[in-house]
Amino acid sequence: MPFSISSPLFAAFSLVVVLALPARADNLRGWGYLVDRLVLDGEARAEVERIFTDPRMPPFDKLEFAPERRPEPTSLYRGFLKPASMAQARACWNRHLSEFQRAQRDTGVPGALLAALLHVESRCGANTGNHRILYRVARLAMAPAPENFRWNLARWLDGSATSPSRLHEQLTGRARYLEETFYPEVRATLELARRWRVDPHELRGSSGGAIGWPQFLPSNVLRFGRDGNGDGVVDLTNSADAILSAAEYLRAYGWRPDLERPQRRQVLWNYNRSFAYVDTLLTLQSRLESGSEVRGTQHRAATAKRGTRNGKRLGKSPRAQHTRK
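Residues numbered from 1 in each chain as written. Predicted model: local features only at pLDDT ≥ 70, side-chain atom pairs only at ≥ 80, totals over all residues. Heavy atoms only, no water.

1. Considering the overall build of the protein chain
If you tally the helices and strands in the protein chain, you get 14 helices and 2 strands. Buried residues in the protein chain amount to 47% of all 325 residues. A sequence separation of at least 24 residues applies to 73% of the contacts in the protein chain between residues at least 6 apart. (Helix = DSSP H or I, 4+ residues; strand = E, 2+ residues; numbered from the N terminus. Buried < 20%, exposed > 50% of the residue type's maximum accessible area, 1.4 Å probe, protein only. Contact = heavy atoms within 4.5 Å.)

2. Examining helix H2 (residues 32-40)
Residues spaced three or four apart along an α-helix face the same direction, because each turn holds 3.6 residues. Along H2, the positions that sit buried rather than exposed are Gly32, Tyr33, Leu34, Val35, Asp36 and Leu38. Taken from the residues just after H2, Gly42 is the one with a positive phi, measuring 110°.

3. So, the pattern of salt bridges
For the structure on display, the rule yields 20 salt bridges. Here Arg37 ties to Asp41 by a salt bridge, and the two come within 3.9 Å at their closest N and O atoms. For Asp41, a relative accessible area of 33% translates into the label partly exposed. Two residues, Glu202 and Arg204, come together in a salt bridge whose shortest N-O distance is 3.5 Å. Taking the relative accessible area as the measure of exposure, Glu202 reaches 37% and is therefore partly exposed. Ionic contacts of the salt-bridge type, sharing partners, join the residues Asp54, Arg56, Arg132, Asp199, Glu202 and Arg204 into one network. (Salt bridge = Lys/Arg side-chain N within 4 Å of Asp/Glu carboxyl O.)

4. Some points on the packing of helix H6 (residues 111-122) against helix H11 (residues 239-252)
Two elements in contact, H6 and H11, have axes whose closest approach is 10 Å; the angle formed by their N-to-C orientations is 105°. The angle between H6 and H11 falls in the class roughly perpendicular. Of H11, the residues touching H6 (which contributes Leu113, Leu114, Leu117 and Leu118) are Ile243, Ala246, Ala247 and Leu250. (Axes fitted to C-alpha atoms, helices over the stretch in contact; angles between N-to-C directions. Parallel < 35°, antiparallel > 145°, perpendicular 65-115°, else oblique.)

5. Quick word on the state of the cysteines
A full pass over the atoms with the stated rule returns 1 disulfide. The disulfide that involves Cys92 links it to Cys124, with 2.0 Å between the sulfurs. Taking the torsion about the sulfur-sulfur bond, which here is approximately 60°, the covalent link between Cys92 and Cys124 counts as right-handed. Note that Cys92 is positioned in helix H4 (residues 83-95) and Cys124 in the loop between H6 and strand S1 (131-132), a separation of 32 residues in sequence. (Disulfide = S-S within 2.5 Å.)

6. Notes on the environment of Ala276
Secondary-structure assignment places Ala276 in helix H13 (residues 275-290). Beyond its immediate stretch of four places on either side in the chain, Ala276 contacts Thr74 and Tyr77.

7. Side note on unusual backbone geometry
A positive phi angle, near 60°, is found at Arg29, a position not held by glycine. Inspection of the secondary structure puts Arg29 in the loop between helix H1 (8-17) and H2. When its relative accessible area of 29% is taken as the criterion, Arg29 is described as partly exposed. Even without being glycine, Arg197 reaches a positive phi, approximately 55°.

8. Focus: the packing of helix H5 (residues 97-107) against H6
At a minimum axis distance of 8 Å, the contact between H5 and H6 shows a crossing angle of 120°. As summarised for this structure, H5 and H6 are arranged oblique, according to the angle between their axes. Considering only the axes of H5 and H6, their crossing is right-handed. Taking contact as the criterion, the partners of Phe100, Ala103 and Gln104 in H5 are, on H6, Gly111, Leu114, Ala115 and Leu118. Class assignment of the residues belonging to the contact of H5 with H6 gives a composition of 5 nonpolar, 2 polar and no charged. (Left-handed = near helix turned anticlockwise from the far one by under 90°. Nonpolar A, V, L, I, M, F, W, Y, C, P; charged D, E, K, R; others polar.)

9. Considerations on the confidence of the model for the protein chain
Put simply, the protein chain has an average pLDDT of 86, and 81% of its residues get 70 or more. Here residues 1-25 is a poorly scored stretch, pLDDT under 50, and it has 41 contacts once near neighbours within four places are set aside; other chains count. With pLDDT under 50 throughout, residues 321-325 is counted as low confidence; its partners more than four residues away or in other chains account for 23 contacts. (pLDDT = per-residue confidence, 0-100.)

10. Observations regarding the nonpolar core
Soluble, globular proteins show a tendency: their nonpolar side chains are buried together. Counting 80 residues, the largest nonpolar core has Trp31, Leu34, Phe52, Leu114, Val186 and Leu250 as the members making the most contacts within it. Top contributing element to this core by residue count: helix H9 (residues 164-196), with 10 residues. (Core = buried A, V, L, I, M, F, W, Y, C linked by side-chain atoms within 4.5 Å.)

11. Some remarks on the packing of aromatic side chains
As enumerated under the stated definition, the model contains 14 aromatic pairs in all. Residues Tyr249 and Tyr271 carry aromatic rings whose centres are separated by 4.7 Å and whose planes lie at 65° to one another, so their mutual orientation is edge-to-face. Of this pair, Tyr249 sits in helix H11 while Tyr271 sits in helix H12 (residues 261-271); the two residues are 22 residues apart in sequence, bridging distant segments of the chain. For Tyr271, a relative accessible area of 4% translates into the label buried. Considering the side-chain rings of Trp269 and Phe275, the 4.7 Å spacing of their centres and the 35° angle between planes classify their relative orientation as tilted. In textbook terms, an aromatic cluster arises when at least three aromatic residues are bridged by ring pairs, as seen for Tyr77, Phe80, Phe216, Phe224, Tyr249, Tyr253, Tyr271 and Tyr277. In this structure, Arg155 packs its charged tip against the face of Trp151, placed 5.2 Å from the ring centre. (Phe/Tyr/Trp six-rings, centres within 6.5 Å; stacked < 30°, edge-to-face > 60°. Lys NZ or Arg CZ within 6 Å of the ring centre and 35° of its normal.)

This is how it looks when you write it as structure tokens:
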């Protein structure tokens, strides 16, 4: 039987993804699927409906997603090893040296590695993003909502060389991955707002839903956020808190001073599953510890005297604007 979005196969999938959620005439500006699931998981309906019908929360229309995850391009990280970027990383290292050293003593994670990580993630706090976190994670959690899935399936079926059954299988897996990854982040965002006593719509971060210098997703803020300056508050826009929190993350995922290089790579892989990302952090760490970037800076100064432009001014960190999905 030819496959179509009205086939029994699709109907069976729809039955699974709605998780027996109650049907609602009012779809809450498109967010009904997510609201109902939050209520089933213990959130107060009146509060959740108030949050998702707030004018600051854009209506949910559609979320376009691909059948398979697209790996981060290697080109995303090339600029981080250029002389101007190395000078910025060195400045971050020097400016917060005592905090990096303290985190290294407490966790065993090298301060130079932490400086490299924070430089790549947010230019050492210069670019943490100003997007509303709740909207960013909520829309990704809506991937398997029946109407959204149906729309994506029809879009990919149009002209695709992949068999309909295979395409359906791929999209189903991808939708589940996005929901399993980002639905917990919706709940974590609401919990963060309660703990910090702030409006959930005012939690700000990257376009991918990440917060602060280390670009933690909300659940990682709850798990690994640490008070590095002793003021009783975890604030990932504060250098001491951000540095210690990033160190705690790596320590919790197995970092130890005696790790061999493959094991160090595996720990960093947990932070971001990209070979180019891992290689960039380790190279930055090595250069910071050895001071080898000084030669590149001296060369840049020499070519500038001859009137040669050596690259453009560095702007926003591509990591802070890149969605991990």
